[in-house]
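Residues per chain are reported as follows:
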Amino acid sequence: MKWDVVSNYSEFFLEGALYTISISLMATVLGTLLAFVLALMRLSHLKLLKAFSFTYVWIFRGVPLILVLFIIYYAAPFGIKLSALQAGVIGISLNSASFFAEIIRAGIVAVPKGQIEAAKAIGMGPMQIMWRVTLPQAVRLTIPPYMNSAVILLKESAQVSVIAVPDLMLRAQNAYNSTYLPVETLGVAGVLYLVMTSLLMMFQSWAERKMRLKT
Amino acid sequence: MIDIQNLNKSYGDNAVLKNVNLKVNEGEVVSIIGPSGSGKSTLLRCINLLEVPTGGEIRINDRPVQFKTNRLGNLTYLSRRNLTWLNIEVGMVFQQFNLWPTKTVLQNVIEGPTKVSKISKQEAVDKAVELLNKVGLADKINQYPNNLSGGQQQRVAIARALAMDPKIMLFDEPTSALDPELVNEVLQIMVKLANEGMTMLVVTHEMNFARSVSDRVIFMDKGQIALNGTPKEVFDPNNDYPGLQQFIKNINHVIS
């Protein structure tokens, strides 16, 4: 183990990790918002919205993320030119929304009907019921699968390195290419990824404890 | 107070309510009994539009319940918004309590007053404390529903409904999901309410309640009101309406 290599590259790697974190965070937020809309569309009674949501999930769940990234970065429609970072965030958001949408839909559907009826019976409107009754219970139910997807998203964000976003993965590759020391470069990157995903898992445990139904 | 005319409800070809007519006067306590599948709960749930009738008219306090449905037979968004008054005037208590498990007892009770009637939080809390006192649960105010027994949960559910200041209370088999020893605590609250002059419509299998507390008993059979009379008339052992005596025997667990 050549520690001087690790220390020489430390700032380079940490900057990469910061990229990975920002991309993942932005994509999680955007992906979740989009997924929520998709889930509501899927649950609506309007056939058109239902079909749109179904088709979206069908396509984006079914094609590789790397392909989506290529299309958005190199062949975005309407002559749109995006930076690598923008393309990366948008690509991951679009991709992860298809997974999040199914999870959110399952959570909403799993809230017992009686809960909603009790809210209707005191005159709460559809929006109030969604925000105050359905979602608090759906969130609790969906934490494990949702966090599972969030961890996958963070790891898969490494794929933005193929469109030259200087994230942790790309920097690890660069460092390896100039040193040919796999443990000190790729190994260190692996540890950093593990630290980031571990933080997410700790957050999951905390959230589950926090949301446990109190007795 | 409640005036139902020619109420019909069907699911596809299955007619659950057939031309039901019912009038309930202010302060009256009406028990609805009948075999399972006879349409008791559906009738109750049509009154506050948890089920959307397929036909007929409902008037609450002389105000017609008007609504439009979409092609799936559900209320339109606008109709639901325009019927808030109905849900404020008519309170409902469910068999399964349906308290919101993510909210405390107090939060369950003040939810409607603060979010629907839009009264101030302080006012709602004062009211809730008073109501929880009334149902004997003032000490459980900050507990979560899962920490309460079934009987306690149902009493909270009654307080939650009363918090809206309803003029009419609907009870949909309020004691059917309770352990037998917990039934009484809920019935006692209902008797208290009845004595205070609340207009009540109660779907129940508690024949003692129907007999001794209600002003009127309705026996439903195959989607229609078969009998509608005083407890004395309906529970008359000589009443020879087909199926009635057998139903009462079944309810009372008479083993022959």
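Let us look at the structure shown here. This structure is a prediction, so every number in the text was calculated from the model and none was measured. (Residues numbered from 1 in each chain as written. Chains lettered and ligands numbered in written order. Predicted model: local features only at pLDDT ≥ 70, side-chain atom pairs only at ≥ 80, totals over all residues. Heavy atoms only, no water.)

Notes on the sheet that holds strand 3 (residues 29-33) of chain B
Residue and element names in this part refer to chain B.
Phase 1: Taken in spatial order, the six strands of this open sheet run 6-7-8-3-9-10, and their pairing is mixed. Both outer strands of the open sheet, strand 6 (90-93) and strand 10 (224-229), are each paired with one neighbouring strand and no more. Pairs of neighbouring strands in the sheet enclose a mean axial angle of 20°, with direction left out of account.
Phase 2: Inspection of the sheet shows strand 9 (residues 216-221) paired to strand 10 by five bridges, in the antiparallel sense. (Pairing = 2+ DSSP bridges. Helix = DSSP H or I, 4+ residues; strand = E, 2+ residues; numbered from the N terminus. Axes fitted to C-alpha atoms, helices over the stretch in contact; angles between N-to-C directions.)

Thoughts on helix 3 (residues 65-74) of chain A
Phase 1: The set of residues buried in helix 3 of chain A consists of Leu65(A), Val68(A), Leu69(A), Ile72(A) and Tyr73(A). For helix 3 of chain A, the angular spread of buried residues about the axis comes to 120°, placing them on one side. (Buried < 20%, exposed > 50% of the residue type's maximum accessible area, 1.4 Å probe, protein only. Arc of directions from axis to C-beta.)

Points about the pairing of strand 9 of chain B
Residue and element names in this part refer to chain B.
Phase 1: When you tally the buried positions in strand 9, you get six out of six residues, the bulk of the element.
Phase 2: Going residue by residue along strand 9, you find Arg-216, Ile-218 and Met-220 tucked away on one face and Val-217, Phe-219 and Asp-221 tucked away on the opposite face as well.
Phase 3: Relative to strand 9, strand 3 is paired through four bridges, and the arrangement is parallel. Residue pairing in the sheet places Ser-31 in a bridge with Val-217 of strand 9.
Phase 4: Connecting strand 9 to the antiparallel partner strand 10 that follows it, the hairpin turn spans two residues, and Lys-222 within it adopts a positive phi of roughly 50°.

Structural notes on the side chain of Lys103(B)
Phase 1: Locating Lys103(B) in the fold gives a position in the loop between strand 6 and helix 4 (105-115).
Phase 2: A polar side-chain atom of Lys103(B) sits 3.1 Å from the main-chain carbonyl oxygen of Arg132(A).
Phase 3: With residues up to four places along the chain from it excluded, the contact list for Lys103(B) reads Arg132(A), Asn108(B), Glu111(B), Tyr144(B) and Pro145(B). (Polar contact = N/O pair within 3.5 Å; in protein donor to acceptor, adjacent residues only side chain to side chain. Contact = heavy atoms within 4.5 Å.)

Some words on the pairing of strand 2 (residues 14-24) of chain B
Residues and elements named next belong to chain B.
Phase 1: Of the pairings in the sheet, the one linking strand 1 (residues 2-11) to strand 2 comprises seven bridges and is antiparallel in character. Bridge pairing links Asp-3 to Lys-23 in strand 2.
Phase 2: In textbook terms, the turn of a hairpin is the stretch between consecutive antiparallel strands, and for strand 1 and strand 2 this stretch comprises two residues, one of which, Gly-12, has a positive phi near 60°.

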